[in-house]
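Analysis of the macromolecular model
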Amino acid sequence: MSSEECDSDMEYSDNDCCYADYYNTGNDCDIDQIDPSKIDPEFFIFECLSVEEVERLLNENVELLSSSLQITPSLAKVLLHTHGWAVQDLISKYRSDASLLLVQSRIKPPHPPSNSDGSSSHSSQSSLSSKDSLEEDENQKPCPVCVMLCNVEIFSSLACGHKFCKDCWTMHFEVQIIQGISTGMSCMAQQCDILAPEDFVLTLLNKPNLRDKYQQFVFHDYVKSHPQLRFCPGPNCQVLIHAKEPRAKRAVCTNCKTSFCFKCGMNYHAPTDCSTIKKWLTKCADDSETANYISAHTKDCPRCHICIEKNGGCNHMQCYSCKHEFCWMCLGDWKAHGSEYYECSRYKENPNIAHESVHAQAREALKKYLHYYERWENHSKSLKLEEQTLLTIKTRINQKVMNASGTWIDWQYLLDAAMLLAKCRYSLQYTYPYAYYMEPSSRKELFEYQQAQLEAEIENLSWKVERAETTDRGDLENQMDIAEKRRTTLLKDFLEV
Amino acid sequence: MASLPRRIIKETQRLLQEPVPGISAVPDENNARYFHVIVTGPEGSPFEGGLFKLELFLPEDYPMSAPKVRFITKIYHPNIDRLGRICLDILKDKWSPALQIRTVLLSIQALLSAPNPDDPLANDVAELWRVNEAEAIRNAKEWTRKYAMED
Ligand SMILES: [Zn+2]
Ligand SMILES: [Zn+2]
Ligand SMILES: [Zn+2]
């Protein structure tokens, strides 16, 4: 089998060979040559690092740049921080025009420094210190900030040449650090934005707690400016995630298990992209009042009208009274939901809406939003309910093992099924914002077709997982395979990262 | 109370000896860090003829932190809100320890001459200033007459 066969993605979903090869890694096929991201649209390489490991990683960059350009590590840090840690890019920029780079990075002033002090000496109104000239001797002059006569030796300045006394610099930095500012600290002179590099700050900063704070804040700023690094968003988690290719893909913290989108840091949201999910979540928050009425946990059976409470995640419902099988979302007969074109997930837009009144259009817009919101919300609830199912399964497996009916390994497939179900439903949930923002087109039709297929298979899986002990293992595993294949196919066709 | 830093003494002396035209700033009898300020409405501005009272306070870490300044007299201005708070960059992130009380007061005077509705603090005022400047200026003159003129 050649890897070209795998590239034609449409046939691919119907052709099981590649798929099987991917999972049967023992196979002698040339799997090494296949780009894993072609097979698995969610494929993402990342590593979880400790603070120390990241410090080491950053320092390697600092050393590389500082030795290549023959500059101090401290200046290298300023350059790296202002340029997203692009070492090679910085080296070439420095080689083509060092001065321009240093000016743009706020290391060098745009004009060479005159022998001025920190006050703008040209404007008469700020010459607070000039009157002291009589008191001055050779080695003493007033600091423009505190106006104290100080020995010239205790003055220092950045590359801009604006000189201030040691105590003023120290106080200036202390006040800024207390406000959480670190890499952004600059010269005290008016309208001078030359940055204070780390070594300059640290020679003037004495209080140990502020030195610690400063170094913490600096580290935080460095990570924030580094495109390949993210803080794990998990609560109180110290782990940092490193990915060579920063993409909108799922990263999972090995420490706290939090999973998130590497690019935007929010909950993972494939197939929807970062900006769309942000728009959608903002909209949902804004419209939460309107959508509140949907939160009902009970509905009436469409045949016998008895009140039914939903207590599992599966949307394939069976009335406990009349045994009628229906869909929780659209209340349609479940049989019609089978493998045929599943109309439940698709929103049918009114084709003549452009000619309707403003009110009708607003109503239509709300109806459309609620259609998608309802399904988004419903899958989110199903996920929570299925978490319960997972717990129940765990308890039951435990009981079985304790009663010597099989081993842990024997029952592992049940857990796998519940976990796969969660993964599939999660993706399904995030197909709804995607569809909501799609313009009507043949692409949208294809998307909704695949979404419906996925939805149908997920509900079949959920139905079987809820009845796992009475379902045949082969049957369940087959259903897992189908659902996951539908999910991968949809992501392969629509996940754009 | 800690002794007054030389910097504040110097600035105060100069403010009293060489006052800025159109501005008076007098330290409080009991607190040398608190100034009673009066700014006269600049000529040609809708605030002309008005006397605007402000309070100016030098925080403990002045001049590392900016002075705190607030209008006490009510004023209709897009960059000054109902509480008299002023939207001025040098009072926030553009503060530099090399700036002085004098520069701050001059900047406030300049803000009265040239309101900037694109960087608003009082949103409704700024909105009117953008869409109907003539009416906004009428309001500002009205407020000046009502609140910033003697009796
Ligand atoms: Zn400077
Ligand atoms: Zn000083
Ligand atoms: Zn994202």
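The shown structure was predicted, so the numbers you read here are calculated from the model rather than taken from an experiment.

As for the UniProt feature "active site" (unreviewed entry) in chain B
The UniProt feature table records "active site" (unreviewed entry) at B:Cys87. In contact with B:Cys87, other than residues within four places in its own chain, are B:Asn79, B:Lys92, B:Leu111, B:Asp119 and B:Leu121.

A look at the coordination of the zinc ion (ligand 2)
Residues and elements named next belong to chain A. All of the protein donors around the zinc ion (ligand 2) are Cys143 (SG), Cys146 (SG), Cys165 (SG) and Cys168 (SG); their distances to the metal are 2.2 to 2.6 Å. Coordination at the zinc ion (ligand 2) is tetrahedral, judged from the four donor atoms that bind it and the angles of 97 to 123° they form at the metal. If you list the donors of the zinc ion (ligand 2) from N- to C-terminus, the spacing comes out as C-x2-C-x18-C-x2-C. Highlighted residues: Cys146 in the loop between strand E2 (140-142) and strand E3 (149-151) and Cys168 in helix H8 (residues 166-178), separated in sequence by 22 residues. By the burial criterion, Cys146 is buried, and Cys168 matches it.

Quick word on the packing of aromatic side chains
Residues and elements named next belong to chain A. Throughout the structure, instances matching the rule amount to 29 aromatic pairs over all chains. Seen in terms of ring centroids, Tyr369 and Tyr373 are 5.6 Å apart; in terms of plane orientation they differ by 35°. Their pairing is tilted. Pair noted here: Tyr369 and Tyr373 are both in helix H13 (residues 358-402), with a separation of four residues, about one helical turn. Accessibility expressed as a relative area gives 11% for Tyr373, which makes it buried. Each ring, one from Trp376 and one from Tyr430, has its centre 5.0 Å from the other, and the planes form 85°; the classification is edge-to-face. Remark: Tyr430 occurs in the loop between helix H14 (408-429) and helix H15 (431-436) and Trp376 occurs in helix H13; sequence separation between them is 54 residues.

Quick notes on the coordination of the zinc ion (ligand 1)
Residue and element names in this part refer to chain A. All of the protein donors around the zinc ion (ligand 1) are Cys160 (SG), His162 (ND1), Cys187 (SG) and Cys192 (SG); their distances to the metal are 1.9 to 2.4 Å. Metal-centred angles of 104 to 115° between the four donor atoms at the zinc ion (ligand 1) mark the site as tetrahedral. Given a relative accessible area of 16%, His162 falls into the buried group.

Let's talk about unusual backbone geometry
With the exception of glycine, the majority of residues adopt a negative phi angle, and the majority of peptide bonds are in the trans configuration. A cis amide bond links A:Ala270 to the next residue, A:Pro271, at an omega of 5°. Following the sequence through the fold, A:Pro271 ends up in the loop between strand E9 (259-261) and helix H11 (274-286). With omega at 5°, the peptide bond leading from B:Tyr62 into B:Pro63 counts as cis. Relative to the helices and strands, B:Pro63 resides in the loop between strand E3 (51-57) and strand E4 (68-71). In this structure, A:Trp85 is a non-glycine residue whose phi angle is positive, near 60°.

A word on helix H4 (residues 133-147) of chain B
Residue and element names in this part refer to chain B. In this model, H4 (15 residues) spans 21 Å end to end at C-alpha, consistent with the 21 Å of a helix rising 1.5 Å per residue. Turning to H4, its buried residues number three or more, namely Ala136, Ala140 and Thr144. End-on view of H4: buried residues confined to an arc of 80°, all on one side of the axis. With respect to the buried face of H4, the exposed residues turned more than 90 degrees away are Arg138 and Lys146.

A look at the side chain of A:Thr272
All names here are of chain A. By the secondary structure assignment, Thr272 is in the loop between E9 and H11. Polar side-chain contacts of Thr272 include one of 2.5 Å to the backbone oxygen of Tyr430. Ignoring anything within four residues of it in the chain, the contact list for Thr272 reads Ile277, Tyr430, Pro433 and Tyr434.

Looking at the domain arrangement of chain A
Each assigned domain of chain A is listed with its residue range as follows: domain 1 (140-226) and domain 2 (274-494). Using only C-alpha atoms to locate each centre, domain 1 of chain A and domain 2 of chain A end up separated by 57 Å.

Brief notes about the side chain of B:Gln109
Position of B:Gln109 among the secondary structure elements: in helix H2 (residues 101-113). Residue contacts for B:Gln109: discarding those within four places in its chain leaves B:Pro21, B:Gly22, B:Ile23, B:Val39 and B:Pro42.

Concerning the environment of A:Ser68
Residues and elements named next belong to chain A. Counting through the fold element by element, Ser68 comes out in helix H5 (residues 51-69). The sequence separation of Ser68 and Cys48 amounts to 20 residues, and the corresponding C-alpha distance is 29 Å. Not counting residues up to four positions away in its chain, the partners in contact with Ser68 are Ile91 and Arg95.

Remarks on the environment of A:Ala417
All names here are of chain A. Topologically, Ala417 is positioned in helix H14. On the basis of relative accessible area, Ala417 is assigned to the buried category, the value being 1%. Separated by 64 residues in sequence, Ala417 and Asp481 place their C-alpha atoms 9.7 Å apart. In contact with Ala417, not counting residues within four places along its chain, are Leu461, Val465, Leu476 and Met480.

Some remarks on the pattern of salt bridges
Residue and element names in this part refer to chain A. One pass over the full model with this rule turns up 22 salt bridges over all chains. Residue Lys77 is joined to Glu198 by a salt bridge in which the shortest nitrogen-to-oxygen separation is 2.9 Å. Taken together, the residues span a long stretch of sequence, with Lys77 in helix H6 (residues 73-82) and Glu198 in helix H9 (residues 198-204) at a distance of 121 residues. Residues Lys93 and Asp89 are paired through a salt bridge, measuring 3.5 Å at the closest nitrogen-oxygen approach. In this pair, Lys93 and Asp89 both sit in helix H7 (residues 87-104), four residues apart, roughly one turn of the helix. Overall, Lys93 belongs to the partly exposed group, its relative accessible area being 34%.

Focus: the UniProt feature "coiled-coil region" (unreviewed entry) in chain A
UniProt annotation of "coiled-coil region" (unreviewed entry) refers to residues 451-493 of chain A when read in the numbering used here. Here residues 451-493 of chain A is 86% helix and 0% strand, with 11 Å between the C-alpha atoms at its ends.

Calculation criteria
Residues numbered from 1 in each chain as written. Chains lettered and ligands numbered in written order. Predicted model: local features only at pLDDT ≥ 70, side-chain atom pairs only at ≥ 80, totals over all residues. Heavy atoms only, no water. UniProt positions renumbered as here; feature names shortened; annotations may be inferred. Contact = heavy atoms within 4.5 Å. Donors = N, O, S within 2.8 Å, 3.2 Å for Na, K, Ca; no water. Tetrahedral: all angles 85-135°; square planar, octahedral: opposite > 155°, others 65-115°. Helix = DSSP H or I, 4+ residues; strand = E, 2+ residues; numbered from the N terminus. Buried < 20%, exposed > 50% of the residue type's maximum accessible area, 1.4 Å probe, protein only. Phe/Tyr/Trp six-rings, centres within 6.5 Å; stacked < 30°, edge-to-face > 60°. Expected span 1.5 Å × (residues − 1). Arc of directions from axis to C-beta. Polar contact = N/O pair within 3.5 Å; in protein donor to acceptor, adjacent residues only side chain to side chain. Domains from an automatic or database assignment. Salt bridge = Lys/Arg side-chain N within 4 Å of Asp/Glu carboxyl O.

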